[in-house]
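Single-letter residue listing:
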Amino acid sequence: MNEIKKRIDVMLDRNKLHHAFFFVGAGVPTHQEKLRTAFFMATKVFSKSSSESEDTIEQRIQKKYHPDFFHIDTSDQEIKIDQIQELIKWIYRGPVEGTQKFAFIEHAQRLNINASNALLKILEEPPSHATLILCSPSKDQILQTLRSRMFILQFSEASDAQD
């Protein structure tokens, strides 16, 4: 287990998971590690209130088939406000299968200004049952007002070692 996953594991063991995380780091291997870490975190939380195996839970998350995991991954040049408004509606409804929900925004650097401002509402008034994870190659690629409300985890090529 790499250092970032160990750190997250400690937070989970202590029931001290932050409401929002910002995963930062450039490069394809680093991006893949950020994905694996988001899936790892959600799987660990979901498994606490599920009779399903962690493998089954993680497969459902990866296939975008888990009702308590919302994943924004776009090939568009920007993430627009309508995508964030859909996330807002989803996140304020209670969890379906357990006690928590996770929203994962890949390529957060693609948030346009209206989408960023809409996302700020969730970060300022997060529902107690939700955790947000945003990913970007660089800290400076999203608004400071968003960054300041999240727990930042810096990924590097060195942290990308497989479990």
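Definitions and cut-offs
Residue positions within a chain follow its written sequence, with the count starting from 1. Residues qualify for local features only when their pLDDT is at least 70, as the model is predicted, and side-chain atom pairs are given and counted only at 80 or more; totals for whole chains, interfaces and linings, by contrast, use all residues. Derived side-chain values reflect all non-hydrogen atoms in the structure, with water molecules and hydrogen atoms excluded from consideration. Each helix is a run of H or I in the DSSP string that is no shorter than four residues. Each strand is a run of E no shorter than two, and both are numbered from the N terminus. Residue contacts are defined here by distance: any two heavy atoms, one from each residue, within 4.5 Å place the two residues in contact. All axes are obtained by fitting lines to C-alpha atoms, using only the stretch in contact for helices, and the reported angles, taken between N-to-C directions, cover 0 to 180 degrees. In this scheme, roughly parallel covers angles under 35 degrees and roughly antiparallel covers those over 145, while 65 to 115 is roughly perpendicular and the rest are oblique. Left-handed is the label given to a crossing in which the near helix is rotated counterclockwise from the far helix by less than a right angle, and right-handed is the label when the rotation is clockwise. Residue burial is assigned from relative accessible area. The probe radius is 1.4 Å, only protein chains are included, and a residue is buried under 20% of its type maximum, exposed over 50%, and partly exposed in between. Confidence of the predictor at the level of single residues is captured by pLDDT, which takes values from 0 to 100. Crossover handedness is defined here as right-handed if the route from the first strand over the helix to the second strand goes clockwise, with the strands pointing away from the viewer. Definition used for salt bridges: Asp or Glu carboxyl oxygen within 4 Å of a side-chain nitrogen of Lys or Arg.

Following the sequence through the fold, Leu120 ends up in helix α5 (residues 113–124). Taking the C-alpha atoms as reference points, Leu120 and Arg149, 29 residues apart in sequence, are found 8.6 Å from one another. Residue contacts for Leu120: discarding those within four places in its chain leaves Thr145, Leu146 and Arg149.

Relative orientation of the contacting elements helix α4 (residues 81–92) and α5 amounts to 15°, with a least axis distance of 8 Å. Regarding the angle of α4 to α5, the classification is roughly parallel. Of the two elements, α4 crosses α5, and the hand of that crossing is left-handed. On α5, the residues touching Ile81, Ile84, Leu87, Ile88, Ile91 and Tyr92 of α4 are Asn114, Ala115, Ala118, Leu119, Lys121 and Ile122.

Here we come to unusual backbone geometry. Residues other than glycine seldom take positive phi values, yet Lys64 does so here, at roughly 60°. Topologically, Lys64 is positioned in the loop between α3 (54–62) and β2 (69–72). For His107, which is not glycine, the phi torsion reads 55° and is therefore positive. Mapped onto the elements of the fold, His107 is located in the loop between β3 (101–105) and α5. Judged by relative accessible area, His107 falls into the buried class, the value being 18%.

Quick look at the confidence of the model for the chain now. Should pLDDT be low for a region, the predicted coordinates there are not to be read in detail. Looking at the chain, pLDDT values average 91 and 95% of them are 70 or higher. The least confident element of the chain, judged by mean pLDDT, is helix α1 (residues 3–13) at 89; the most confident is β3 at 97. With pLDDT under 50 throughout, residues 159–163 is counted as low confidence; its partners more than four residues away or in other chains account for 12 contacts.

Turning next to the pairing of β2. Side chains of β2 alternate between two faces, with Phe69 and His71 and Phe70 and Ile72 buried alike. Between β2 and its parallel partner β3, the chain crosses via α4, and the hand of that crossover is right-handed.

Let's shift gears to the pattern of salt bridges. In this structure the tally under the stated criterion is seven salt bridges. A cluster of three or more residues bridged by salt bridges with shared partners is formed by Lys5, Glu33 and Arg36.

Let's shift gears to the environment of Leu12. One can find Leu12 in helix α1. A residue is classified by how much of its surface remains accessible, and Leu12, at 6% relative accessible area, is buried. Along the chain, Leu12 and Arg110 lie 98 residues apart, while their C-alpha atoms are 29 Å from each other. With residues up to four places along the chain from it excluded, the contact list for Leu12 reads Leu17, Lys44, Val45 and Lys48.

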